[in-house]
Every structure is written in structure tokens, then in C-alpha cells.
Amino acid sequence: MKIAVIGADGQLGSDLVKILNTDDILPLFYPDFDITKPEKTKNFLSRHSLECIINTAAFHRVDECEEDPVSAFEVNTLAVRNLALICQELNLVLVHFSTDYVFDGEKKTPYVEEDPPHPLNVYGVSKLAGEYFVRTLLKRFFLIRTCGLYGKAGCWGKGSNFVDTVLSLAEKDDPLRIVSDQTVTPTSTAELASGIKELIPTEHYGLYHLTNEGQCTWFEFAETIFSLVGKSPKLIPVDSVSYGARALRPSYSVLENQNAKKVGLSEFSHWKDALKQYLKTRRYLSDSNSEPEDLDSIEDE
Ligand SMILES: NC(=O)c1ccc[n+]([C@@H]2O[C@H](COP(=O)([O-])OP(=O)(O)OC[C@H]3O[C@@H](n4cnc5c(N)ncnc54)[C@H](OP(=O)(O)O)[C@@H]3O)[C@@H](O)[C@H]2O)c1
């Protein structure tokens, strides 16, 4: 199957290119390939005898989306509509990614795919509108909502990921203020990419929640990172209001992988195990230290 991966040097895109690992991958890099240029995008994609397009591109700097809703809608909504129209015309499968931020966080148990969305910020609205175009225009799509991504490319790319950011900030010996009133599921892009590889050939098209298992606040995530690497910087829990971010965020955005379990996809690991694997890959951890039982002292919510 010939597959184009849009955003191929992003966190998720680079892991997809690596894991799909076939000569039939067409990796596409911004800004040479820009989904906000509809004509160029269509001309380019129609020349490559593709069967599937995976779109990881997004404008996902959530606070900037509040200031610049036009750019948010250009990338997250209108460009996605254009990709869906291209897939419709060329009869291609579209794999597209959305977010836990389509929910408002009022539900205090994990969100399933049928739960009504109600985003709190521009980013969430623009991603939800993109979802609606995919669902309206196509029959053969995989629409994947995920949460709290971190992956190897995040540490080299323009925006670092949470794990690498807190580890690097801790080097400065200043106390770290970490949000403690938002509950999420940190998710490894390597594991998400494996799930996508397994999902595509099933042809069970539709909407999926795909994240690691379990849940924690960002503060608990940071505590676990430092506990695993054997460091103890001063961590200060702060609430979202005191943290002062421009965009509102849901206080609870844990997703249940309900549809993936229904179609028999391999279960994702617990976020703590995925984190440990990531820290090993990045050589923050050796194979011999921090066996899984070390993690038991840090309880899930
Ligand atoms: N990150 C998270 O925590 C998170 C959580 C939930 C859902 N998601 C969703 O998951 C998906 C993947 O996220 P990610 O963290 O892997 O993102 P990422 O690391 O920022 O990767 C996105 C890639 O798309 C490229 N890109 C940006 N604008 C583009 C455009 N107009 N045309 C073509 N390519 C463009 C980026 O290039 P540059 O780097 O050069 O800009 C980058 O290579 C996104 O749909 C996002 O909304 C992410």
C-alpha cells in the first residue's frame, strides 16, 4: 500500500515513517509540502498513485490559536477539508488526527467516541470542525483522537515535548511550576504509530480514541519522570488559572480506547510503562534501573 505521511518530521510523523517501514512510504515535509496550499497539494498528491494519506500536520500551539484563529482554521479545518476532497476524488483512505481538547472536561470518567464534544478553546473548535469535514466527505477514513503526545522528534523539532522540556528545565536548578488540575493520558508517539500500523489494514473505518492506558495530572507526570531518572528538583503544583495560559483547557480529558478494543486492536500499555520505554530510548534510563515495580509507589488517580 503506497502511503503519504504529511508532517513526516514531526513527533508522530517521524515515528510513523519509521514504524510503517516500507519503500512505499512517501514522507512529506513542511514547508516544501504545505497543506494550506490547496492546488499544489492536490497536484502533488495526484501524481503519486497513492492508496492512503496520513495527515499529522496541525497548528496545535493551543495558546497561539486563541490569538490567531485564522491560521488555526486554515491548517486544522480548511486544509483538512481539502485533503478529504482529494481523498474523495482519488478514492484514497485518509488517516487524520484529532485531540482530547474537543471535550470540555465536565465528565469525570474517560470519554468514549460517542460522547458529545464541546471544546473550550479555538484549537479544539478548529480540530472538531476538521473532524466534521472528514466524517461528512469520506466513508474510508480513520479519525484518531489522541492526547498528550511525546516522541523523539519533539526533542529536536521546534517545539520540545513535555518530557524533554521538564528534564532540560530541571538542569537550571530553578523550581518548576507544573499544572496540577488537568488530568490527561500522556501518550507515546512510538506506540500510537504502532497502533496505526495495525489499524490501517483492518479496514474498520471510523472514529477512534487512541492513547496509552491510565491517567495522571501534568504534575504527576512530571513527578514520575523525575522519580524514574532519579532526580528531585523542586516541583510546585499550580492550578491552571495561576499558571496563566491564554486558552482554557479541559480539567479532565482522558480518552477511553473503546472502539479500538471493540475491533481487537492490541491494547496500549500503561502510560508509566510507555514513559519508561521512552526514557530508555532517549538514554535517560539504562535497561537495568527502574524496573516496573519501582513505579508502583506513584498511584494513578
Ligand atoms: N502534541 C500533542 O500533545 C497532541 C495531542 C493531541 C492531538 N494531537 C494531534 O496529533 C497530531 C500530530 O501531532 P504532533 O505532536 O506529532 O505534531 P508535530 O510534532 O508538530 O508535527 C506536525 C508536523 O506537521 C508539519 N506541518 C505544520 N504545518 C503544516 C502545513 N501547513 N502543511 C504541512 N505540514 C505541516 C510540522 O512541520 P514544522 O515542524 O516544520 O512546523 C510537523 O512536521 C496533530 O494533528 C495534533 O493536532 C497532538
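Please read these numbers as outputs of a predicted model, since none were measured by experiment.

Q: Can you walk me through empty space enclosed by the protein in this structure?
A: Rolled over the atoms, a probe as big as a water molecule pinpoints where empty space is left. The full count for this structure, using the stated rule, is one cavity of 30 Å³ or more. The volume enclosed by the largest cavity comes to roughly 40 Å³. In terms of residue class, the lining of the largest cavity is made up of four nonpolar, two polar and three charged.

Q: I would appreciate a short explanation of the packing of aromatic side chains in the present structure.
A: Scanning the entire structure with this criterion turns up eleven aromatic pairs. Measuring from ring centre to ring centre gives 5.9 Å for Y150 and F221, while their planes differ by 45°; the resulting arrangement is tilted. Residue Y150 is located in strand β6 (residues 149-150), and its partner F221 is located in helix α9 (residues 218-229); the two are separated by 71 residues in the primary sequence. Assigned by exposure class, Y150 and F221 land together as buried. The interplanar angle of 40° and the centroid separation of 5.0 Å between the aromatic rings of F162 and W218 together place this pair among those described as tilted. Taken together, the residues span a long stretch of sequence, with F162 in helix α7 (residues 162-170) and W218 in helix α9 at a distance of 56 residues. Assessed through its relative accessible area of 23%, F162 is described here as partly exposed. Ring pairs connect the aromatic residues Y150, F162, W218, F221, W271 and Y278, which therefore count as one cluster.

Q: Quick question: what am I supposed to make of unusual backbone geometry here?
A: Note the cis peptide between Y30 and P31, where omega equals 5°. Considering the arrangement of structural elements, one finds P31 in the loop between β2 (25-28) and α2 (38-46). With a phi angle near 60°, N91 is a residue other than glycine that sits in the positive phi range. Here N91 is to be found in the loop between α4 (69-90) and β4 (93-99). The phi dihedral of R283 is positive, around 65°, even though this residue is not glycine. Its location among the elements puts R283 in the segment after α12 (271-281). Looking at R283, the relative accessible area reads 75%, which means it is exposed.

Q: Teacher, can you tell me more about the layout of surface pockets here?
A: When its volume is computed, the second largest pocket comes out at roughly 200 Å³. As for the second largest pocket, its lining consists of 14 residues, of which S188, A190, Q277, Y278 and T281 are closest to the centre. Classifying every residue of the lining of the second largest pocket gives four nonpolar, six polar and four charged.

Q: Help me understand the environment of K272, please; the structure alone is not making it clear to me.
A: Inspection of the secondary structure puts K272 in helix α12. A residue is classified by how much of its surface remains accessible, and K272, at 8% relative accessible area, is buried. Along the chain, K272 and I35 lie 237 residues apart, while their C-alpha atoms are 35 Å from each other.

Q: Which parts of the structure should I look at to understand the sheet that holds strand β1 (residues 3-6)?
A: Through backbone hydrogen bonds, the strands of a sheet pair up, either in parallel or in antiparallel fashion. Strands sit in the order β2-β1-β3-β4-β5-β10 across an open sheet of six strands; the sheet is parallel. At either margin of the open sheet sits one strand with a lone partner, and together these are β2 and β10 (206-209). Along the sheet, successive strands turn relative to each other by an average axial angle of 20°, direction set aside. In the sheet, β1 pairs with β2 via four bridges, with the strands oriented parallel. Opposite I3, over in β2, you have I25 as the bridge partner.

Q: Could you clarify how one ought to interpret the confidence of the model for the protein chain in this entry?
A: Low pLDDT means the predicted coordinates in that region are not meant to be read closely. Per-chain confidence: the protein chain averages 93 in pLDDT, with 93% of residues scoring 70 or above. Of the regions scoring below 50 in pLDDT, residues 290-301 engages in 24 contacts with residues more than four places distant in sequence or in other chains.

Q: Just to check I follow, could you spell out the side chain of T41 for this structure?
A: Tracing the backbone shows T41 in helix α2. On the basis of relative accessible area, T41 is assigned to the buried category, the value being 2%. At a separation of 2.7 Å, a polar atom in the side chain of T41 contacts the main-chain carbonyl oxygen of K37.

Q: I keep staring at the pairing of strand β3 (residues 52-55) and nothing clicks. Help me out?
A: Regular strands place their side chains on alternate faces of the sheet. Residues C52 and I54 point to one face of β3 and I53 and N55 to the other, with burial holding for every one of them. Two strands pair when backbone bridges link them, and β1 and β3 are joined in this way by four bridges, in the parallel orientation. By the bridge assignment for β3, V5 is matched with I54. Judged from the four bridges that link them, β3 and β4 form a sheet pairing that is parallel. Paired with C52 across the two strands is V93, which belongs to β4.

Q: What exactly am I supposed to notice about the environment of I3 here?
A: Relative to the helices and strands, I3 is located in strand β1. Looking at I3, the relative accessible area reads 5%, which means it is buried. C-alpha separation for the pair I3 and T165, spaced 162 residues apart in sequence, amounts to 32 Å. Not counting residues up to four positions away in its chain, the partners in contact with I3 are L20, D24, I25, L26, L50, C52, I54 and I200.

Conventions adopted
- Residues numbered from 1 in each chain as written.
- Predicted model: local features only at pLDDT ≥ 70, side-chain atom pairs only at ≥ 80, totals over all residues.
- Heavy atoms only, no water.
- 1 Å grid on protein atoms, 1.4 Å probe; cavity = no way out; pocket = protein on both sides within 12 Å on 5 of 7 lines; lining within 4 Å.
- Points joined across faces, edges and corners; volume = space filled by probe spheres on them.
- Nonpolar A, V, L, I, M, F, W, Y, C, P; charged D, E, K, R; others polar.
- Phe/Tyr/Trp six-rings, centres within 6.5 Å; stacked < 30°, edge-to-face > 60°.
- Helix = DSSP H or I, 4+ residues; strand = E, 2+ residues; numbered from the N terminus.
- Buried < 20%, exposed > 50% of the residue type's maximum accessible area, 1.4 Å probe, protein only.
- Pairing = 2+ DSSP bridges.
- Axes fitted to C-alpha atoms, helices over the stretch in contact; angles between N-to-C directions.
- pLDDT = per-residue confidence, 0-100.
- Contact = heavy atoms within 4.5 Å.
- Polar contact = N/O pair within 3.5 Å; in protein donor to acceptor, adjacent residues only side chain to side chain.

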